[in-house]
Amino acid sequence: MRSVISVVFTFVLIQQLHAQRDCGTEKNYREFPSIVARPGDINGHDRDTIPNEIITIPVVIHLLYKSGEQNISDDQVLSQIEVLNRDFRRLNTDAVNTPVAFRNAAADCRIMFCLAQVSPGGMSTKGIIRKYTNKDFFLGDDGMKFSAQGGDDAWDSKRYLNIWVCSLFGRSLGYATMPGGETDKDGVVIKYDVFGSRGVLRAPYNKGRTATHEVGHWLGLKHIWGDADCGTDDVDDTPSQKSYNYDCPSFPHVSGCSPNGNGDMFMNFMDFTSDACMNMFTNGQKMKVRSGFASGGIHNSFLNSFACDSSLATGGPLPIETIHVSMPAPGIQIFPNPVLNEVNLISVNNYLMAGKTCTLYSMEGKRLVQIQLTSEKEKIIVVALNAGVYILKIGEGADMRILKMIKL
């Protein structure tokens, strides 16, 4: 009996030492195959994307830890945001490793990410929520997404990309919800030791590409082989391949269903290769992820999110280790921002707008428009303004509120 136990233990140990990338997202997009549109924002306003617009997505990191090692540093979290921004803008230094045969297909998705600066309640935040958990590890059953299960509740998934960083059981490095899932589970889960490119990390998953891969799923991308022999990922410019690739194959890597001698696009972020081997999204993948931000798309509401701008916070910083805070100070919400034609002002937490003067200034301090507010919800037409940054001043003295507006 002892020898049998020894063999089993050795097998498990070898599996851990020679772990291969495993992604738990497949079940999610099989459960939610269709993309269901959500309202543009809480008041139903939306707009379409602008050609070549750089879309910025506010991110909140729910960092769940039991040990000191799991409580990774702010610098490690920031390194992951840096990786996402480089990979989705094709600014990654290893982009030069894309084979010549695939370089014309490689794309700058024109999507960027920021750690949220404003919480759902209007409080100032750094976008990292640290929370002690009594769980040794979490399973892939979304327990980390609920405070009642030892995790942390999601922020408004119409305005924030929720990323839970924690200890995961088994081989899976992470998983994501595909568009159309339940809002309180919407987001990405990543194992703490494969998150970022600096800090507590393990090779060969130490360059932050697990998060790039899973955020790709969250944006609507499937695995490049379609999770079937010679399957489809519904993207035209990713060549068919028989199955996933591990480690880092040599180019060309031709499989049984390769359309030509170039073989598999194993360096695509949506394959299973090692971090150092991944370096590209394609133009087709770019079109697919950006379609979710179009008018009526599942992620359209992010175009109206202001959570990356710390100047729009109406209260002090969130307390450490919790998001359950007292009501923020009275203030004003402005949306959409950036704005095309008209901007809405709405009172937050009983701030009295009626009777106050609203003045619009250029960044040079020139007064452009001045109106008297008559209610707690106002609309200002700005279609005639040139593109740029403007300042809105409402009220005077202790009741004065200053807001930044971006005109597209």
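See the structure printed just above.
Residues numbered from 1 in each chain as written. Predicted model: local features only at pLDDT ≥ 70, side-chain atom pairs only at ≥ 80, totals over all residues. Heavy atoms only, no water.

1. Some thoughts on the overall build of the protein
Working step 1: Scanning the protein for helices and strands turns up 6 helices and 15 strands.
Working step 2: Out of the 408 residues in the protein, the part that is buried amounts to 52%.
Working step 3: Taking as baseline every contact in the protein between residues at least 6 positions apart, the subset at least 24 positions apart corresponds to 68%. (Helix = DSSP H or I, 4+ residues; strand = E, 2+ residues; numbered from the N terminus. Buried < 20%, exposed > 50% of the residue type's maximum accessible area, 1.4 Å probe, protein only. Contact = heavy atoms within 4.5 Å.)

2. Focus: the state of the cysteines
Disulfide: a covalent bond connecting the sulfur atoms of a pair of cysteines.
Working step 1: Tallied over the full model, the rule gives 2 disulfides.
Working step 2: In this model Cys114 forms its disulfide with Cys308; the gap between the sulfur atoms is 1.9 Å. Since a negative S-S torsion denotes a left-handed disulfide, the Cys114-Cys308 link at about -90° is left-handed. Of this pair, Cys114 sits in strand β2 (residues 111-115) while Cys308 sits in the loop between α6 (283-291) and β8 (315-317); the two residues are 194 residues apart in sequence, bridging distant segments of the chain.
Working step 3: Exposure remark for Cys114: the relative accessible area of 15% places this residue in the buried category. (Disulfide = S-S within 2.5 Å.)

3. Some details on the nonpolar core
Working step 1: Core analysis: the biggest nonpolar cluster contains 51 residues, and Ile57 and Ile111 have the highest contact counts within it.
Working step 2: Residues in contact with Ile57, not counting those within four places in the same chain, are Ile111, Met112, Phe113, Cys114, Leu161, Trp218, Leu219, Phe293, Phe302 and Cys308.
Working step 3: Listed in part, the 18 residues of the second largest apolar core include Ile332, Leu360, Ile380 and Val382. (Core = buried A, V, L, I, M, F, W, Y, C linked by side-chain atoms within 4.5 Å.)

4. Considerations on α6
An α-helix turns once per 3.6 residues; consequently, residues spaced three or four apart project the same way.
Working step 1: What α6 keeps buried is the set Gly284, Gln285, Val289 and Arg290.
Working step 2: Next to the buried residues of α6 lie β1 (55-65) and β2.

5. Regarding the sheet that holds strand β15 (residues 401-407)
Working step 1: The strand order across the open sheet built from 4 strands is β12-β11-β14-β15, with neighbouring strands paired in antiparallel fashion. What marks the edges here is a single partner per strand, and that holds for β12 (367-372) and β15. On average, each strand axis in the sheet is inclined to that of its neighbour by 20°, with strand direction left out of account.
Working step 2: Of the pairings in the sheet, the one linking strand β11 (residues 357-362) to strand β14 (residues 388-394) comprises 5 bridges and is antiparallel in character. (Pairing = 2+ DSSP bridges. Axes fitted to C-alpha atoms, helices over the stretch in contact; angles between N-to-C directions.)

6. Some details on the packing of aromatic side chains
Working step 1: The tally for this structure, following the rule as stated, stands at 13 aromatic pairs.
Working step 2: Aromatic pair Phe88 and Phe281: ring centres 4.7 Å apart, planes at 35°, arrangement tilted. Taken together, the residues span a long stretch of sequence, with Phe88 in helix α3 (residues 74-88) and Phe281 in the loop between α5 (209-218) and α6 at a distance of 193 residues. This pair shows no difference in class: Phe88 is buried, exactly as Phe281 is.
Working step 3: Each member of the aromatic cluster is reached from another via a ring pair, and the members are Phe88, Phe113, Phe269 and Phe281.
Working step 4: Positioned above the aromatic ring of Tyr351, the side-chain terminus of Lys356 is 4.9 Å from the ring centre. (Phe/Tyr/Trp six-rings, centres within 6.5 Å; stacked < 30°, edge-to-face > 60°. Lys NZ or Arg CZ within 6 Å of the ring centre and 35° of its normal.)

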